[in-house]
Amino acid sequence: MAMEQIALSFGPARRTYTVSELSGRIRGVLADEFTDIWVAGEVSGCRMASSGHCYFTLKDEEAQIQCVCFRGTMRYLKFKPQDGLAVLARGSIDVYEARGQYQLIVEVLEPQGHGALQFAFEQLKKKLAAEGLFDAVRKRPLPRLPRRIGIVTSPSGAVISDMVNILSRRFPGVHVRLYPALVQGEGAVEAVCRGIQYFSRSAWAQVTIVARGGGSLEDLWTFNEEAVARAIAESGVPVISAVGHETDFTIADFVADLRAPTPSAAAELVICTRQELLDSIAGCEQKLVQGMRYRLAMASRELHQRGIERGLTALHRRIGRSQQRVDEFEYRLREVVRRALEGRRRKLDQVSTRLRNLDLRLRFAEARRRMQAAEGRLAELMRMRLARQRGRLEPVIAHLTQLSPLRILDRGYAIVLNPGGHAVKTPADAPLGTDVKIRIARGSLGARVTQAEDA
């Protein structure tokens, strides 16, 4: 009987994989074991592809691993990878079959020993500074007395309430328009940019204030975004950045035309107080009065010097010229006062036109009262000056009158005139029988010479 031969196998059963199958099995093992892991290392060989993906290597002293960050993830990173930067990378292990190598798919990237937000802040600050967005030559001066102020901030908070109260107290009647915007969280960047662009395009506001209360770096991050910085730089009107507390600095502070320590400080910096404006007008009025007093003093000095230099022989002429100069100076003074008052009225009309919608009737009434008081003081000064001039002229006239020969006749003396109209000084000037005329203080007498004697 023939026996059936049985084949015996003493080795493991053979299993053959294709390269694709093996790579797939390896990927599955790695994906199950190494999902949502953190890897620490130093970035090396970083390069950006035209597709928008970022490729780099993470290495330490003994090993390295290839990494890839896809374009969709790159948009949400707070900073861009750079060679030599020590980072913590979060992601999962995957296999790239085309090269037969494993790689780390990066989802989150943070610098080691340095906050991601702070690093992103410094990175963006350096970039915008290189473009010249922080240069002082770009800063535009604020209007001295803005009538329309735009504010971009949250409508529900203490910031807008405090700013409106301060603006109303400093200069009642100023127009304020609020653009309500989120200042924190998702959609805040877009809302703030829209507010800045609205006031820039509408040309309604003469100055824009971007404001937010204090908070942590994360809370204030909206104002460290590049989109907000560029919106401020492209604004058609000056922008004041008033974000956080005095010690908080954001990218918006460096790009804005003026940085205010706090929102309340921005409300104080954007416009002067009504009293400051009134004080400025009062200062101009005081300078005008001082200038007129100086001109009057110089004119008085010149008159006095010219009077001394005149000779006594031209006394009547000097008196006439002095009177003429008094009249001329009076006319010139009135003309100067008239021009000055017209100039003041023109300035007052200009200010009235600019502030007509600000309800400044009380301020104008006070300014008008001061101007009328100044006119009264000037008129009184002119009357006093004319009185002093007349007081100087009257003694001179009295002295001239005392020197007149007609004053001698008042003492009882008389002047004898011969028929030729000449004064009789000797008997020879009026012989016997000559009809003479005797001039006395009040009238004259007729007489005939009947006797003559020599002295």
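All residue numbers refer to positions counted from 1 along the written sequence of the respective chain. A pLDDT threshold of at least 70 governs which residues receive local features in this predicted model, and a stricter bar of 80 or more applies before side-chain atom pairs are shown or counted, although totals over entire chains, interfaces and linings include all residues. Here the side-chain values reflect all heavy atoms present in the structure, with hydrogen atoms and water set aside.

## Some thoughts on a nonpolar patch on the surface
1) Next: Taken together, the side chains of Tyr-17, Leu-22 and Ile-26 present a nonpolar region at the surface, about 250 Å² in accessible area.
2) Next: The secondary structure listing takes helices from DSSP runs of H or I that are at least 4 residues long and strands from runs of E that are at least 2 residues long, numbered from the N terminus. Tracing the sequence through the fold places Tyr-17 in the segment before helix 1 (19-33). Within the patch definition used here, like charges are joined within 9 Å and nonpolar side chains (Val, Leu, Ile, Met, Phe, Trp, Tyr) within 5 Å, considering only residues with over 30% relative accessible area and no salt bridge. Working definition of accessibility: Shrake-Rupley area with a 1.4 Å probe, residue cover restricted to the visible protein chains. One speaks of a salt bridge when a side-chain nitrogen belonging to Lys or Arg is within 4 Å of a carboxyl oxygen belonging to Asp or Glu.

## Let's talk about the packing of aromatic side chains
Pairs of aromatic rings are described using the distance from one ring centre to the other and the angle between the two planes.
1) Next: Any pair of Phe, Tyr and Trp rings, taking the six-membered ring for Trp, is counted once the centres come within 6.5 Å. Such a pair is stacked with planes under 30 degrees apart, edge-to-face with planes over 60 apart, and tilted for the rest. Per the counting criterion, the structure on display carries four aromatic pairs.
2) Next: For the ring pair Tyr-179 and Tyr-198, a centre distance of 5.6 Å and an interplane angle of 35° mean the geometry is tilted. Highlighted residues: Tyr-179 in strand 7 (residues 175-180) and Tyr-198 in helix 5 (residues 188-202), separated in sequence by 19 residues.
3) Next: Given the relative accessible area of 28%, Tyr-198 is considered partly exposed.
4) Next: For the ring pair Phe-249 and Phe-254, a centre distance of 6.2 Å and an interplane angle of 25° mean the geometry is stacked.
5) Next: Between buried and exposed lies partly exposed: a residue is buried under 20% and exposed over 50% of the maximum accessible area for its type, with that area taken using a 1.4 Å probe on protein chains only. Take Phe-249: its relative accessible area is 44%, and that puts it in the partly exposed class.
6) Next: Grouped by ring-pair contacts, the aromatic residues Phe-134, Phe-249 and Phe-254 constitute a single cluster.
7) Next: In our convention, an over-ring charge means Lys NZ or Arg CZ found within 6 Å of a ring centre and within 35 degrees of that ring's normal. For the cation-ring pair, Arg-177 lies above Trp-204, with the distance from its terminal atom to the ring centre recorded as 4.1 Å.

## Overview of the pairing of strand 6 (residues 148-153)
1) Next: Summarising burial for strand 6: five of the six residues are buried, a large majority.
2) Next: The sheet contact formed by strand 6 and strand 7 spans six bridges and is parallel. Looking at strand 7, one finds that Ile-149 is bridged to Val-176.
3) Next: Handedness of the β-α-β unit built from strand 6, helix 4 (residues 158-170) and strand 7 comes out right-handed. One bridge is not enough; two strands pair if DSSP finds at least two bridges between them. Seen with the strands pointing away from the viewer, any crossover whose path from the first strand over the helix to the second strand runs clockwise is right-handed.

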